[in-house]
Amino acid sequence: MTDEAEPRWRTVAAATGLAAPDGSTRPTIFAEMTALAAATGAVNLGQGFPDADGPAWVREAAVDAIRSGANQYPPGRGTPALRRAIADHQARHYDLALDPETQVLVTAGATEAITAAILALAGPGDEVLTLEPFYDSHAASIALAGATHTTAPLVPGPDGFRLDLDALAAAATARTRVILLNTPHNPTGTVLSRTELEAVAAAAVRADAVVVTDEVYEHLVYDGAAHVPIATLPGMAERTLTISSAGKTFSLTGWKIGWATGPAHLVEAALAVKQFLTYSGGAPFQPAIARALAEGDGDVRELRDSLGARRDTLVRGLREVGLAVVEPRGAYFVCADASPLLTAELPDGAALARALPAAVGVACVPVAAFCRTGSPTAASLAPWLRFTFSKDASTIEEALTRLRRLR
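Residues numbered from 1 in each chain as written. Predicted model: local features only at pLDDT ≥ 70, side-chain atom pairs only at ≥ 80, totals over all residues. Heavy atoms only, no water.

In the annotation of an unreviewed UniProt entry, the protein chain is listed under the name Aspartate aminotransferase and assigned to Serinibacter arcticus. We quote the UniProt Sequence similarities (unreviewed entry) comment for the protein chain here in full: "Belongs to the class-I pyridoxal-phosphate-dependent aminotransferase family." The protein chain has a UniProt comment under Cofactor (unreviewed entry) that states "pyridoxal 5'-phosphate". (UniProt positions renumbered as here; feature names shortened; annotations may be inferred.)

S.K.: When you look at the UniProt feature "domain: Aminotransferase class I/classII large" (unreviewed entry) in the protein chain in this model, what are you seeing that I'm missing?
M.R.: Sites flagged by UniProt as "domain: Aminotransferase class I/classII large" (unreviewed entry) map to residues 43-403. The annotated region residues 43-403 carries 41% helix and 19% strand content, and the separation between its end C-alpha atoms amounts to 10 Å. (Helix = DSSP H or I, 4+ residues; strand = E, 2+ residues; numbered from the N terminus.)

S.K.: Would you mind going over the sheet that holds strand S4 (residues 148-157) with me for this structure?
M.R.: Working definition: the strands of a sheet are paired by backbone hydrogen bonds and lie parallel or antiparallel to each other. Here 8 strands make up an open sheet; going across it, the order is S2-S9-S8-S7-S6-S3-S4-S5 and the pairing mixed. On the outer flanks of this sheet lie strand S2 (104-108) and strand S5 (160-163), each paired with one strand and no other. Taking each pair of neighbouring strands and ignoring which way they run, the sheet shows an average axis angle of 25 degrees. Across 5 bridges, the pairing between strand S6 (residues 176-182) and strand S7 (residues 210-214) is parallel. Opposite leucine 180, over in S7, you have valine 212 as the bridge partner. Strands in contact with helix H8 (residues 194-207) are S5, S6 and S7; relative to S6, the strand with the most contacts, it is inclined by about 165 degrees. (Pairing = 2+ DSSP bridges. Axes fitted to C-alpha atoms, helices over the stretch in contact; angles between N-to-C directions. Contact = heavy atoms within 4.5 Å.)

S.K.: Explain the domain arrangement of the protein chain here, please?
M.R.: By a frequent convention, interface size equals the accessible area lost on bringing the separate parts together. Each assigned domain of the protein chain is listed with its residue range as follows: domain 1 (8-53 + 299-406) and domain 2 (56-295). One C-alpha centre belongs to domain 1, the other to domain 2, and the line joining them spans 24 Å. Taken together, the contact between domain 1 and domain 2 spans 38 residues of the former and 40 residues of the latter. When domain 1 packs against domain 2, the two sides together hide about 3,300 Å² of surface, and 63% of this comes from carbon and sulfur. The largest contributions to the domain 1 side of the interface with domain 2 come from Arg329, Phe370 and Arg372, which together make up 20% of the buried area. Our count for the domain 1 to domain 2 interface comes out at 3 salt bridges. Inspection of the region where domain 1 meets domain 2 yields 14 residue pairs in polar contact (both at pLDDT 80 or more). (Domains from an automatic or database assignment. Buried area = accessible area lost by both parts, 1.4 Å probe. Salt bridge = Lys/Arg side-chain N within 4 Å of Asp/Glu carboxyl O. Polar contact = N/O pair within 3.5 Å; in protein donor to acceptor, adjacent residues only side chain to side chain.)

S.K.: Explain the environment of leucine 154 here, please?
M.R.: Mapping leucine 154 onto the fold places it in strand S4. Judged by its relative accessible area of 2%, leucine 154 is buried. Sequence-wise, leucine 154 and leucine 168 are 14 residues apart; in three dimensions their C-alpha atoms are separated by 9.9 Å. The residues contacting leucine 154, other than those within four sequence positions of it, are Leu131, Glu132, Pro133, Phe161, Arg162, Leu163, His185, Thr188 and Leu192. (Buried < 20%, exposed > 50% of the residue type's maximum accessible area, 1.4 Å probe, protein only.)

S.K.: When you look at unusual backbone geometry in this model, what are you seeing that I'm missing?
M.R.: Peptide bonds are, in most cases, trans, and in most cases residues other than glycine have a negative phi. Each neighbour pair has its own omega, and for threonine 183 with proline 184 the value is -10 degrees, a cis peptide bond. Examined against the element boundaries, proline 184 turns out to sit in the loop between S6 and H8. Between asparagine 186 and proline 187 the backbone carries a cis peptide bond, its omega angle lying at 20 degrees. With respect to the helices and strands, proline 187 occurs in the loop between S6 and H8. Of note in this structure, aspartate 208 is not a glycine but carries a positive phi near 55 degrees. Mapped onto the fold, aspartate 208 is located in the loop between H8 and S7.

S.K.: How should I be thinking about the pairing of S2 in this particular structure?
M.R.: One face of the sheet, then the other: side chains in a regular strand alternate in exactly this way. In terms of residue burial, S2 counts as a mostly covered element, since 4 of its 5 residues are buried. Bridge analysis of S2 against strand S9 (residues 257-261) gives 5 bridges, and the strand direction is antiparallel. What sits directly across from threonine 107, in S9, is glycine 258.

S.K.: Where do I start with the pattern of salt bridges in this structure?
M.R.: As a working rule, side chains carrying opposite charge can pair if their charged atoms are close by. Applying the stated criterion across every chain yields a total of 18 salt bridges. In this structure, the salt-bridge partner of arginine 311 is aspartate 223, at a minimum N-O distance of 2.8 Å. Separated by 88 residues along the polypeptide, arginine 311 in helix H12 (residues 297-321) and aspartate 223 in the loop between S7 and strand S8 (240-245) bring together distant segments of the chain. Its salt-bridge partner being glutamate 327, residue arginine 319 comes within 3.8 Å of it at the nearest N-O pair. Here the residues in one salt-bridge network are Asp223, Arg311, Asp312, Arg319, Glu327 and Arg329, joined through shared partners.

S.K.: Would you explain the packing of helix H3 (residues 56-67) against helix H11 (residues 285-295) in this entry?
M.R.: Across the interface, H3 lies against H11 with an axial gap of 7 Å and an inter-helix angle of 145 degrees. At the point where H3 passes H11, the crossing takes the right-handed sense. Here Trp57, Val58, Ala61, Ala62 and Ala65 of H3 come into contact with H11, specifically with Phe285, Pro287, Ala288, Ile289, Arg291, Ala292 and Glu295. A per-class count over the contact of H3 with H11 returns 10 nonpolar, no polar and 2 charged. (Left-handed = near helix turned anticlockwise from the far one by under 90°. Nonpolar A, V, L, I, M, F, W, Y, C, P; charged D, E, K, R; others polar.)

Shown next, in the form of structure tokens:
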């Protein structure tokens, strides 16, 4: 590796907490905890991927596409059928009218869409504002762009994690080029309210910033919560690039079929970068996901209800163990304050998470891993752990049986 390349990868490593003292790069916390789970035989509630594959008929549609010859490069923007299906989905669910020819871009999962958007829209001297805690790829994308990462905290309380509106207003400055939003939120499970979204919209207008919004859990909301895309708010469609994917909605995370939708000029900007990342991909999966979006609403409802029941089981069990749980309204994860379990030898969530696989046979992730190193939010959430309920019911029950040994 050349000396010229080193500063950028080190910047990315530092931004994601992966920079080791000797200058090397550590594995992500997800890789570390998964390796610990494998080494100890622990139940892995750390990494958020489903135990079960998505609907059989959707998988068969991909098999049919392979047999029918969909095995070469698809169009760089995505197949016409999938782009139409995405546009129809946005119209049916959110009353957002999109031209599938110019306002829809198919990507290699939501991660590529986010990275392409940030690389296209921000650079050195610009600020990109996110919520904190934040999904780790958001910080990596900002670092790759050479932009400055600023944050507004989500604060735990009796009504879940809520956005600090005063901190949001202060963090949005004249240098803020992008507000990178995530709702329903990973890791906290927060579904931003209309009031919170209106505050984000006002901040974006004041700063003349683009909103890039990560909505991969859009259909996985519970207790009657409603996901409201910020693009549906007055005046926001023209400054919002909306990103989602099929991975979480249909439990097909390995297919990596995502998309970005919004004004043609923002889609074009993301495409300008995306074409030099993957160019295109997922040829046989694209027609299958086109059918899933058009015909799979019942499957999505079934998945949502099943996840809601598994969430309830995990929340109840963690409370029995003695953890203070914030009940999530969306996504795959439960965050819990593990302060009652901390000791002089295990002073924070990171130390506890690393000890649990060997101690009781359960792996999870410290919430501080989703924060900027040394930030006030990281300090306040240092005792917190994140557990996933995307696993099957028997796996969750086994994890809770093991965690009860902590009592």
